Each structure stands twice: as C-alpha cells, then as structure tokens.
Amino acid sequence: MGFSGECGRRGGYMEICGFGDDVMDEIRKVASVTLCPNIGGQILTSLAMDPPKLGDGCFENFMAEKEDIRLSLAKRAKTLASAFSSLEGMTCNRVEGAIYAFPRIHLPAAAIKAAKAEGMSPDLFYACRLLDATGIAVVPGSGFHQVSGRNKATGTWHIRCTILPGEDKIKVMIPRLKEFHESFMNEFRDRS
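Along each chain, the written sequence defines residue order, and numbers are assigned to residues from 1. Per-residue local features are limited, in this predicted model, to residues with pLDDT of at least 70; the limit for side-chain atom pairs, both in listing and counting, is 80 or more; totals at the level of whole chains, interfaces and linings are taken over all residues. Computation of side-chain values: all heavy atoms of the structure, hydrogens and water removed.

S.K.: Before we move on, can you summarise the nonpolar core with the specific residues and values?
M.R.: Only buried residues count toward a nonpolar core. Its members are Ala, Val, Leu, Ile, Met, Phe, Trp, Tyr and Cys residues joined through side-chain atoms within 4.5 Å. Burial classification: accessible surface area is computed with a 1.4 Å probe over protein chains only, and a residue below 20% of its type maximum counts as buried, one above 50% as exposed, and the rest as partly exposed. Among the nonpolar cores identified, the biggest contains 33 residues, and Leu80, Phe84, Leu107, Tyr126 and Phe184 are the most heavily contacted of them. In DSSP terms, a helix is any run of H or I states spanning at least four residues, a strand is any run of E spanning at least two, and both are numbered starting from the N terminus. Put simply, the parts of the chain that give this core at least two residues each are α3 (59–85), α4 (109–117), α5 (122–134), β5 (157–162) and α6 (167–188). Any two residues having at least one pair of non-hydrogen atoms within 4.5 Å are treated as being in contact. For leucine 80, the contacting residues outside a window of four places in its chain are Cys161, Thr162, Ile163, Ile170, Met173 and Ile174.

Structure follows, in structure tokens:
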C-alpha cells in the first residue's frame, strides 16, 4: 500500500483500458496541456507506489514515521469527533478512513430564520460566524448536497472540518470552538 502525506504536494495516476484510439488521443491531449510538469507530484506518486521494503536502509525509519502519522491522525480524528459530539445540538460520527469530520448541527429555529434573512443556508451562516469569531474555517455541508431531511422547514445541517492540523493546534482550537458554539446557541436559543 502506498502511503504519503505532505501538504501542498499532490500526485496521482490512472490506468485506462478498453477505450478506442479516439478517446486515448483526447486523454493525451488533456494531459499535455499543463504549462509545467508536476515533477514533484510524479516523484511522490512513484515513492507512494513503491515505498521502502524490508532490507532497505530507510525501512525502519519509514515504518516508524508512517505509524506515528497514522496514530496522530487517529488521535486527532477521535479528539475532534468527541469535541463536536460534546457540543449542544451537535452529533458527529467516528471519523474512519478520511481526513474530515462531518458533524451534524441541530440549529435553533431562530438561527435558521437569521440565516434566511441574510440569504444564506443555515450551515453557511454558522460557518461564517465561526470563522469571524474564532478564525476556525469549516466548510458548510450544503455544498455537498446533504439530505434535506423529513422536515423541509429545517432540513439537516452539517459542517466539514479537517483533522489535518497538528495535535497542538487542535488542542488550542477546541476551547475556541466550544466557546463560540455556546455563545451561538445562547444567542439563537428558542425561547418558547
């Protein structure tokens, strides 16, 4: 299995079988239109597809680093999912095999009404307020075509939050997130 993760570096490959020459010509044309080759991405893809093997001089270091990264990602995923689930009106499934948590936000009716008055979806409204108040950037789930839910008036709302910031940054982020969320919920709490 290939394993690589370095921010700002991307690479990939594809295998194409069973297509006619006309399709292959178009694919080659698209692949050749880049202004500069992605040499770094090509090198990293090659390394990911052929990692060090037992007996290679760097094998032990590679395996130790790989395990450290895996354990750290698992810890960050668990920490963020737990933090989101501890917040009033939020639920978050365990993060498995991805670099994102997708907590569901059960927003008060007043928050949904305020979002509509601003011409925003409720999750975008929440995400913008979170960014303005804390500097924490999340992506509103409405951009991912989430299910409307049974209650068309309220729907379901989610945010997407990456687990990639270091453990130290996540430790600093969580108290800011909790403070914001508590304030947000208090501001828009249903007072019936």
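Text resumes after the structure shown.
S.K.: Break down a nonpolar patch on the surface for me, citing the residues and quoting the values.
M.R.: Patch criteria: residues need more than 30% relative accessible area and no salt bridge. Like-charged residues are merged within 9 Å; nonpolar side chains of Val, Leu, Ile, Met, Phe, Trp and Tyr are merged within 5 Å. Note on areas: Shrake-Rupley, 1.4 Å probe, and residue coverage restricted to the protein chains presented here. By convention in these notes, a salt bridge is any Lys or Arg side-chain nitrogen within 4 Å of a carboxyl oxygen on Asp or Glu. A surface patch of nonpolar side chains, amounting to about 290 Å² of accessible area, comprises Ile39, Ile43 and Leu47. Here isoleucine 39 lies in helix α2 (residues 39–49). Judged by relative accessible area, isoleucine 39 falls into the partly exposed class, the value being 47%.

S.K.: Describe the side chain of threonine 134, and please don't skip the residues or the numbers.
M.R.: Here threonine 134 shows up in helix α5. Given the relative accessible area of 15%, threonine 134 is considered buried. Polar contacts here mean pairs of N or O atoms no more than 3.5 Å apart (in protein, one a potential hydrogen donor and the other a potential acceptor; neighbouring residues in sequence count only if both atoms are side-chain atoms). Within the structure, threonine 134 has its side chain in polar contact with the backbone nitrogen of isoleucine 136 (distance 3.0 Å).

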